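The lines below spell out each chain.
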Amino acid sequence: MKIRNNIAVSETGFVFDPNSGDSFTLNETGKQILNMLSEGKTGSEIKHFFIENFEVEVTTFENNFSEFLMMLQGLNLVEE
Amino acid sequence: MTTKKRYERPIITKINAGVTDKFGMRPKMPIISKIEGVAITDIIAKYGSPAFVISEKTIRKTYNEAKRAFSTRYPNVQFAWSYKTNYLDAVCQIFHSEGAWAEVVSGFEYDKAIANGIPGNKILFNGPDKSKDDLIKAVENGAFIHLDHFDELYELLSIADTSKKRPKVAIRVNMDTGVYPLWDRFGFNYENGEAWNALNRIMLSEKMDLVGLHTHIGTYMMTPDPYAVAASKLAELAVRVDKKYNHKIKYIDMGGGFASKNTLKGAYLPGKDTCPSFDQYAEAITNALINSELDPNKMPTLFLETGRALIDDAGYLVGTVLANKRLSNGRRSMIVDVGVNMLFTSFWYEHEIYPVKEVSANAEDTTIYGPLCMNIDVIRDVIKFPLLQKDDNYVIKRIGAYNMTQWMQFITLRPNIVLIDINGNTHIIREKETNESLTSHERVPAYLK
Ligand SMILES: Cc1ncc(COP(=O)(O)O)c(C=O)c1O
């Protein structure tokens with residue numbers, strides 16, 4: 001899964017979609033994921049990174065992560 | 001070993017132009033981690049989740065605020081604790097220890113007040129449902145009987161025929177105070193002359209002592225003005241009785257109905273910014289009485305049966321998040337362990353709910369559901385809420401009124417109720433129910449066993 005290439009993500013977690021004109025905000029973890037996706041990291045790399053670095057259980061993260069990806073898809077910010 | 005970062009589930013939120021919570025300016029939701037100095041997580045660890053928590057300090061403080069508001073404006077004021085609002089014995093005893101009498105509306109509540117050590121002559125007996133036995137008992141004990149309808153008046157007259165004691169009575173009066181809907185189903189109407197008629201019958205019977213006039217004009221009254229109208233009308237009735245019979249009414253009872261600081265559903269502004277203070281209600285009521293034609297040397301005692309405004313703030317519900325999920329429309333929903341079975345007032349109020357642990361400034365529009373497998377079980381339709389995870393704790397504020405009496409035993413059992421005393425010690429004042437508490441009242445016919 002990849003971020004569509006004209007989507008802009010700022011340092012502060014601000015996302016702008018020039019296609020729709022919509023903007024979005026991300027929390028810290030959301031920003032982290034979006035940045036890793038735009039660096040081309042895979043799902044399992046992202047998962048490992050979170051398990052290593054954050055206080056979170058594997059299943060909780062997996063659930064939250066797949067839901068977050070669904071949201072990104074719903075908002076048309078990612079492509080296969 | 002490196003310490004790991006605090007985790008919060010990832011979210012992305014669309015920014016809508018024109019909303020006040022623009023990025024970077026979003027106010028962080030405050031947290032409540034302690035009640036009267038006691039950590040909520042400790043309460044849950046000790047007494048289970050969910051649990052009701054009542055602050056004795058807040059009860060006493062609120063009571064004294066209300067009392068001061070009235071007694072600095074009027075010579076003789078007496079509060080009577082409205083049992084139906086919260087009739088846990090420990091709660092009633094706190095009010096009684098502050099000097100409140102008891103206001104009851106059924107034989108059950110009457111007996112509870114007596115068991116709490118309140119003598120009959122400090123009980124106001126209201127309501128449309130007083131059985132013959134209740135009335136006999138009330139006459140014997142010298143309680144103040146507030147007549148609701150003519151059938152009750154006649155029944156009491158016949159009791160008076162055989163009783164050694166004279167019943168002490170007031171009538172409940174309903175009236176137009178400019179607030180709609182009119183509460184005209186209780187008591188005798190003022191405008192159509194019914195109340196005056198009832199007073200004449202009582203006086204002419206010569207079998208009872210007419211001591212008071214009572215009204216309860218509604219609940220959660222958002223302005224004090226209707227109280228001024230009501231107090232004037234009761235004063236006018238008292239003056240008429242005095243003129244015609246040379247008989248002084250001893251008390252005027254203004255009932256309850258002061259708004260608590262909760263926010264009504266659909267209200268635009270929060271209740272704590274809009275609801276009148278005790279001082280404003282007191283000003284309206286006492287001015288109306290003082291400016292009436294009542295004899296200034298024999299002003300009747302002013303009774304108040306304030307319920308919700310005295311206890312709402314003292315009550316909390318603490319609990320635990322059971323799950324988060326996303327609804328088909330994309331909205332976040334959170335399932336918590338408190339349902340409408342124990343938070344009946346969520347049908348009326350947008351209850352304030354807070355996390356108990358530090359959270360980030362991120363929040364999402366969230367629907368908060370109770371744990372019941374029923375569509376009606378909604379605690380908040382939509383609230384901008386921080387990203388709590390399963391097993392995190394939360395606290396719901398201002399739930400002291402009506403929930404611990406109007407609750408339903410439905411699907412789950414009622415939890416512990418914990419009192420925090422003025423020294424910060426905790427006490428169970430109602431033990432959590434067990435299956436046995438319920439099944440002990442059931443009977444299975446032998447052939448079904
Ligand atoms: C007769 C009477 N008095 C007092 C109250 C207490 O009212 P509140 O809780 O609105 O103050 C009620 C409540 O309905 C009532 O019916």
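What counts, and at which threshold
Residues numbered from 1 in each chain as written. Chains lettered and ligands numbered in written order. Predicted model: local features only at pLDDT ≥ 70, side-chain atom pairs only at ≥ 80, totals over all residues. Heavy atoms only, no water. Helix = DSSP H or I, 4+ residues; strand = E, 2+ residues; numbered from the N terminus. Rg over C-alpha atoms; globule rule 2.2 N^0.38 Å. Buried < 20%, exposed > 50% of the residue type's maximum accessible area, 1.4 Å probe, protein only. Contact = heavy atoms within 4.5 Å. Areas by Shrake-Rupley, 256 points an atom, 1.4 Å probe, with all protein chains shown as cover. Lys, Arg positive; Asp, Glu negative; His and termini not counted. Charge placed at Lys NZ, Arg CZ, Asp CG, Glu CD. Pairing = 2+ DSSP bridges. Core = buried A, V, L, I, M, F, W, Y, C linked by side-chain atoms within 4.5 Å. Domains from an automatic or database assignment. Near = heavy atom within 4 Å. Polar contact = N/O pair within 3.5 Å; in protein donor to acceptor, adjacent residues only side chain to side chain. Nonpolar A, V, L, I, M, F, W, Y, C, P; charged D, E, K, R; others polar. 1 Å grid on protein atoms, 1.4 Å probe; cavity = no way out; pocket = protein on both sides within 12 Å on 5 of 7 lines; lining within 4 Å. Points joined across faces, edges and corners; volume = space filled by probe spheres on them. Phe/Tyr/Trp six-rings, centres within 6.5 Å; stacked < 30°, edge-to-face > 60°. Lys NZ or Arg CZ within 6 Å of the ring centre and 35° of its normal. pLDDT = per-residue confidence, 0-100.

## Here we look at the overall build of chain A
- For chain A, the count of helices and strands is three helices and five strands.
- Listed by position from the N terminus, the elements making up chain A come as β-β-β-β-α-α-α-β.
- Here the C-alpha atoms of chain A give a radius of gyration of 12 Å, agreeing with the 12 Å that 2.2 N^0.38 yields for 80 residues.
- Dimensions of chain A, computed from the C-alpha atoms along their principal axes, are close to 35 × 25 × 20 Å.
- For chain A, the residues scored as buried account for 41% of the 80 residues in total.
- Expressed as a percentage of contacts within chain A between residues at least 6 apart in sequence, the contacts between residues at least 24 apart total 42%.
- Of the accessible surface of chain A, which amounts to about 4300 Å², a share of 47% is contributed by carbon and sulfur atoms.
- Of note, chain A has its 5 positive side-chain charges centred 6 Å away from the centre of its 13 negative side-chain charges.

## A look at the sheet that holds strand β2 (residues 8–9) of chain A
- Here four strands make up an open sheet; going across it, the order is β2(A)-β3(A)-β4(A)-β1(B) and the pairing antiparallel. Each of the sheet's edge strands pairs with one partner strand only, and the pair in question is β2 of chain A together with β1 (12–14) of chain B.
- Pairing of strand β4 (residues 23–26) of chain A with β1 of chain B involves three bridges; the strand directions are antiparallel. Bridged to Thr25 of chain A within β1 of chain B is Thr13 of chain B.

## Some points on the nonpolar core
Residue and element names in this part refer to chain B.
- Ranked by size, the top nonpolar core spans 125 residues in total, and within it Phe70, Ile171, Met254, Ile285 and Leu289 carry the most contacts.
- Top contributing element to this core by residue count: helix α8 (residues 225–245), with nine residues.
- Two domains share this core, each providing at least three of its residues, namely domain 1 (34–54 + 314–433) and domain 2 (56–312).
- Residue contacts for Leu289: discarding those within four places in its chain leaves Tyr74, Ala231, Ala235, Ile252, Leu294, Met299 and Leu302.

## Comments concerning the side chain of Ser23 of chain A
- Residue placement: Ser23 of chain A occurs in strand β4.
- Aside from chain neighbours lying at most four places away, what touches Ser23 of chain A is Phe14, Val15 and Phe16 of chain A together with Thr13, Lys14 and Ile15 of chain B.

## Description of the site of the ligand
All names here are of chain B.
- Neighbouring the ligand are 15 residues, the closest being Thr219, Gly257, Glu305, Gly307 and Tyr402.
- Note that an oxygen atom of the ligand is positioned 3.2 Å from one of the side-chain N or O atoms of Lys84.
- A class-by-class count of the residues in the shell around the ligand yields one nonpolar, nine polar and five charged.

## Digging into empty space enclosed by the protein
All names here are of chain B.
- Counted according to the given criterion, the structure contains one cavity of 30 Å³ or more.
- Approximately 60 Å³ is the volume found for the largest cavity.
- Taken together, Asn174, Met175, Asp176, Thr177, Val179, Pro181, Leu182, Trp183, His216 and Ile217 make up the full set of residues lining the largest cavity.
- Of the residues in the lining of the largest cavity, the class split is six nonpolar, three polar and one charged.

## Some points on the packing of aromatic side chains
Residues and elements named next belong to chain B.
- Within this structure, the stated rule accounts for 31 aromatic pairs over all chains.
- On the numbers, 6.0 Å between centres and 5° between planes, the contact of Phe70 with Phe258 is stacked. Here Phe258 lies in the loop between β12 (251–253) and α9 (271–274) and Phe70 lies in helix α2 (residues 56–71), a separation of 188 residues in the sequence.
- Classification of Phe70 as buried rests on a relative accessible area of 0%.
- Judged by centre distance (4.2 Å) and plane angle (15°), the ring pair of Phe258 and Tyr281 falls under stacked. Pair noted here: Phe258 is in the loop between β12 and α9 and Tyr281 is in helix α10 (residues 278–290), with a separation of 23 residues, a long-range link. Take Phe258 and Tyr281: they sit in the same class, and that class is buried.
- Looking at Lys130, its charged tip hangs above the ring of Phe125, at a distance of 5.8 Å from the centre.

## Some remarks on the confidence of the model for chain B
All names here are of chain B.
- The predicted model of chain B averages 94 in pLDDT, with 97% of residues at 70 or higher.
- Ignoring residues within four places in sequence, the model shows residues 18–25, a span with pLDDT below 50, making six contacts including any to other chains.
- Prediction confidence for the complex, expressed as pTM and ipTM, is 0.86 and 0.94 respectively.

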